[in-house]
Every structure is written in C-alpha cells, then in structure tokens.
Amino acid sequence: MGNWVVNEGLSIFVILVWLGLNAFLFWWYYRVYDVPVKFYYSRELLGSALAWARAPAACLNFNCLLILLPVCRNLLSFLRGSSACCSTRIRRQLDRNLTFHKMVAWMIALHTAIHTVAHLFNVERCVEARVEAKGTIQAALSDLGDKPNESYLNFVRKKIPNPEGGLYVAFTYLAGLSGVIITLALILIITSSTKTIRRSYFEVFWYTHHLFVIFFIGLVIHGAGRIVRGQTAESLKVHDPKICEKNFTQWGKISSCPVPQFAGNPPMTWKWVVVPMILYFFERLVRFWRSQQKVVITKVVNHPFKTFELQMMKKGFKMEVGQYIFVQCPTVSHLEWHPFTLTSAPEEDYFSIHIRIVGDWTEGLSSACGCDKQEFQEAWKLPKILVDGPFGTASEDVFSYETVMLVGAGIGVTPFASVLKSVWYKYCNDATNLRLKKIYFYWLCRDTHAFEWFADLLQSLENQMQERDNAEFLSYNIYLTGWDESQATHFTVHHDEEKDVITGLKQKTLYGRPNWENEFKTIASQHSSSRVGVFLCGPEALAETLNKQCINNSDADPRGVHFIFNKENF
C-alpha cells in the first residue's frame, strides 16, 4: 500500500481533483440555470433541458482549457528541467501528459454528447413554441420581440415547423452551424486517435488531429449569437415572473406586469481558452523557429532487422539522456512530424536516432537516405531533415537513483542506448561523482537480428567495467521471446562456450520471457533499503505487469526497498 501511494498516489490525487472540479462545475452551473428567477421564463420555454445544456458547457470550457497544456512539449520540458519547479515525483506526473490529454479528450466527448442532446430538445421546443397557436405561455414568450421596443426570448424568429425548422436553425444560425462543425471535427479527431488508426494509418491520425484548429475557432464563436437568454435585472425589478406568469395575456396592459425584457448571455468560452491558446501558439512558434535551423546528416548506418541509424549535427543542439526529437523530411512529407528517441549520449559531438522501417513514412525516409542502395551515398544527395526538440522523458531521471532497472522491448531499447552510452563515457572519464551504482538491464526481442546493432555497445560496456574492476555495475539479460525447437537445440549445444553465439557477449541469451516476480524479489533482496527506479520503453501490457510488480514487491516500511515505476510516453 505504501508504494502504491508512492507510485500512483499523486496521479490518483490529480485525477480526483480534476474529476471533482468537473462535478462541481456541472452541479454549480446546473443550479445557475435551474434555480435563479432570471431564467424563470427560459425554463418555462425550454424546461429542464436548459440546465442540462449549460452545465456540460461549463465543463467543456474547463476541459478545453486543459486539453492543450499536456501537448505543450517545450513548456513541459522546461518544467522537467527546472529543479526549482519540479521534484522527481512531480516530473513523473509530467511524463504522463499524453495519458491525461486522452482522459481530458474523453471528458470533452462526454460533455459534448450531453450538451448536444440537451440542445436538440431545446431547439425542438423553441421551434414548436414559435409555430403553435396562441393561448399558452410558451407561445406568448415566443411572440415577444415581434413588436417594437420588445426583446425576444425565443431565438427562433421564423415560423417553420419541425423537422424543417430544426434543420433551418442548425444550418443558418451561428450557434447551430458552429456546433455542427465542431462536433464533426471532434468525432473525426477522436475516432482517428484510436490505437489501430495511429499504428496502421498514422497520416490519417496526423491530419485529422489538426482539425483542433477548426474546433477551437468554432468553440470561441459558438456563443457569439447569444441564444441563451434571461430576463434583465431591470425588468425583474418591475416584473416578477412568479406573479406575472399567470397573467401572461395581460402583459403590458397592467402596471404590475409590464412586458418582460430579455438579454443574451455574453460569450464566455474565450475567457477560458485564451491563455492556453496563446501558450500553444507560442509553443508552435518555438517549434517552427527551431525546426528551421540547419541539420546536417553526417552518417547513415544500415542495421539488421530493418533498422537504420541517422547521425546528425545541429548548431546549439544540447540533449540529456533518454530525450526524444520530432523529425520531418520534406522529401517524404511536408506536414508529417514523427517522434524518435535519441540514441546518442550527451558526451558525443553528434546526435543520432535509430529508425525501424514499419510504415510508408519510414520506408520513404529509408529510400531517401539511400538505405536500399549498395553503393556509397554522396552527402549532397541526402535529404533535408528538420528537427524539433529535444524534449524530456522519464529516462532523464535514471541518474537520480543508485539502482535502476532498464527494460526495453524491441526497438524500445533506444532510450537506454543513450543511457548506457552516457554511463560508458562517464566511466571512461571519471565516475567518482556518479550516483548510479547498479544497472539491471533487460532487453526483450522476438528476432535474433535485432540484437546485432546493439551488441557492440554492450561489449564496450562489458569490457570497460572489467578493466575498472567493476564488472558488477552492469547486469544485463537479453531475452529472445520468439524461438523454435531448432533454435533451442542450437542454444543448448553452444551454452558452455565462453561467449554467446548470438550476441558475442559473455552473458548468455535467454529464451522465453522473464519471470518478473523472481527478478523483482532477487533485486529487492540485494537492495533492501533502496529506492529502485524501474524504467520501461515498451508496450502497455508489459507496463501493467511491471507496475504491478513494483507495487507488490515494495516494502510498507518507508525504510525498506521501494520500486518506482517510470514509462516512456511520446
């Protein structure tokens, strides 16, 4: 329980506060429109659907204020790098920015649905009240505004029966048309953001996500028509709706019940979203300015397992371990930006990324860089590359712990390449000030070829630690998760050889998947009073497993071992 609080406590607290604010805003604004006498006649015309439309609108404003903040990457990187602003625990929450972004998006979808359904009832009642025969208070309220010196309550001014009247409102009024547009934009954004679309049709996700510009423009102007109207304060002084309601046929004929006057609510959404919109605007300006700085590709390296490496240089580029960049290649696409973890170390005079060919864009970049050619590629033939970043991730905190577990799955090993390289450079120079004392490294891959491009780095580290009589500093385990009978037989025959037949390392490759419970218990027994940082770059299923093990294998005693889970998200 104690470590659950350490790992998840602050996240749960933030979520509960966010949900609580949503619930409070819904309750408060529901009462604002359901109780005050100002909207007495509005409720007579629209019924309870008025409050049901306005309460989620307030929640929409609040969540639209939040939705852009988690994707202000430069702001988050600044906060991550500022020790004055963020402790390690708070930085871990910043690493969950995309998770929070998705949660806010679903909350926006929920309140949009409630708001839309409630307004469908409102429009239906307004249209019907406008065309129905005289003799009811709804008809009397709808007729207000037809004569000089009268203000209207019912925003529907033309007498067109349903369903034509409802369609007329939806496509000729600013509120209706903007509402239709932003709802369609939201539907496209959310449906194209599913994991299947993102992985198989990233371009669809990328392009439709930029409909957020239309969404926010429509959101700001949505209330400009002021169709939600209430009785003015001056009118309430001389016209008490609770008394005059019964004498609606005598309005303006008796002194105690003059004709009521109404005014529309001023648009409020812009007040909620103007600050995050400005922040995001400057965020994009910074990204654009940074992306226009010249990038030189110094080397292209072909690796096995359909992976290639780009080594680049850029004036003023500074990085930390485990950070990532966004890359655009105009030769392939003028609009698409893709995130890649940096595999170089801060100590190197270049920065590099490893790219696995898994889709049209990566295949196009591979061809543009000449990876499909056998002959040497001239430097001037290499494509232009735009780079935005670097941006901070969870792996930056590796050196904040004395003991760490690094878990990479497939190409997910890339952030730890940067970490291990940096460790190697520190040991080559002077590691006396290095807080990190022990690394447990786990790499899970389905195919033997995936190991080849990373084995050289591990061999260098292995030799470096032995030369400095600190072979115990790095403990690594490489697992081949996709294997068959012949591979297992080959493994058994060569098991007694000094070096592994697959990787060339002294540590033998293991087959199958790790027994995580045993791994955690072993590490806990060897570091009985430590905070162990667990860092993962891999799939969600593995993240759930490791997070559970972190909680289960941590001591309730604050002085005992505690596993702190961190996951890469970008």
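Described in the following lines is the structure provided in the data block. This one's a predicted model, so the numbers in the text were calculated from it and none came from an experiment.

## Re the pairing of strand β8 (residues 386-391)
Move 1: For β8, a buried count of 6 out of 6 residues is recorded, marking the element as mostly surrounded by other parts of the structure.
Move 2: Pairing analysis gives 4 bridges linking strand β5 (residues 324-328) to β8, with the strands arranged antiparallel. From the neighbouring strand, Gln328 faces β8, where its bridge partner is Leu386.

## With respect to unusual backbone geometry
Move 1: With an omega dihedral of 5 degrees, the bond running from Asn162 to Pro163 counts as a cis peptide bond.
Move 2: Among the structural elements, Pro163 can be located in the loop between α7 (137-143) and α8 (164-172).
Move 3: A cis amide bond links Gly389 to the next residue, Pro390, at an omega of 10 degrees.

## Re the packing of helix α3 (residues 49-67) against helix α6 (residues 97-131)
Move 1: Running from N to C, α3 and α6 cross one another at 155 degrees; their axes reach a closest spacing of 8 Å. Classed by the angle they form, the pair α3 and α6 counts as roughly antiparallel. With respect to the hand of their crossing, α3 and α6 are arranged in left-handed fashion.

## Overview of the nonpolar core
Move 1: Of all hydrophobic cores here, the largest spans 28 residues; its most connected members are Trp18, Cys64, Val104, Ile108, Phe215, Phe216 and Leu219.
Move 2: Where this core is concerned, the elements lending two or more residues are α1 (2-34), α3, α6, α9 (174-191), α12 (212-221) and α15 (269-291).
Move 3: No other element matches α3, which puts 7 residues into this core.
Move 4: Dropping the residues within four chain positions of it, Leu219 is found in contact with Cys64, Ile182, Thr269 and Val273.
Move 5: Ranked by size, the runner-up nonpolar core spans 26 residues in total, among them Leu45, Ala51, Val156 and Val169.

## Focus: the packing of aromatic side chains
Move 1: Following the criterion strictly, the structure yields 23 aromatic pairs and no others.
Move 2: The interplanar angle of 65 degrees and the centroid separation of 5.8 Å between the aromatic rings of Phe26 and Trp52 together place this pair among those described as edge-to-face. In this pair, Phe26 sits in helix α1 while Trp52 sits in helix α3, placing the two residues 26 residues apart along the sequence.
Move 3: We classify Trp52 as partly exposed; its relative accessible area is 39%.
Move 4: For the ring pair Phe215 and Phe216, a centre distance of 5.7 Å and an interplane angle of 80 degrees mean the geometry is edge-to-face.
Move 5: With a relative accessible area of 5%, Phe216 lands in the buried category.
Move 6: Put simply, the rings of Tyr40, Tyr41, Trp251 and Phe262 touch in pairs and so form one group of aromatic residues.
Move 7: The ring of Phe391 carries Arg73 above its face, with NZ or CZ at 4.9 Å from the centroid.
Move 8: Sitting over the ring of Tyr152, Arg229 keeps its end group 3.9 Å from the ring centre.

## Concerning the sheet that holds strand β7 (residues 351-356)
Backbone hydrogen bonds hold the strands of a sheet together, and the pairing may be parallel or antiparallel.
Move 1: The strand order β3-β4-β7 describes an open sheet built from 3 strands, whose pairing is antiparallel. What marks the edges here is a single partner per strand, and that holds for β3 (295-303) and β7. Recorded for the sheet is a direction-independent mean angle of 20 degrees between the axes of neighbouring strands.
Move 2: Bridging between β3 and strand β4 (residues 307-314) involves 8 bridges; their strand directions are antiparallel. Note on β4: the bridge partner recorded for Asn302 is Phe308.

Conventions adopted
- Residues numbered from 1 in each chain as written.
- Predicted model: local features only at pLDDT ≥ 70, side-chain atom pairs only at ≥ 80, totals over all residues.
- Heavy atoms only, no water.
- Buried < 20%, exposed > 50% of the residue type's maximum accessible area, 1.4 Å probe, protein only.
- Helix = DSSP H or I, 4+ residues; strand = E, 2+ residues; numbered from the N terminus.
- Pairing = 2+ DSSP bridges.
- Axes fitted to C-alpha atoms, helices over the stretch in contact; angles between N-to-C directions.
- Parallel < 35°, antiparallel > 145°, perpendicular 65-115°, else oblique.
- Left-handed = near helix turned anticlockwise from the far one by under 90°.
- Core = buried A, V, L, I, M, F, W, Y, C linked by side-chain atoms within 4.5 Å.
- Contact = heavy atoms within 4.5 Å.
- Phe/Tyr/Trp six-rings, centres within 6.5 Å; stacked < 30°, edge-to-face > 60°.
- Lys NZ or Arg CZ within 6 Å of the ring centre and 35° of its normal.

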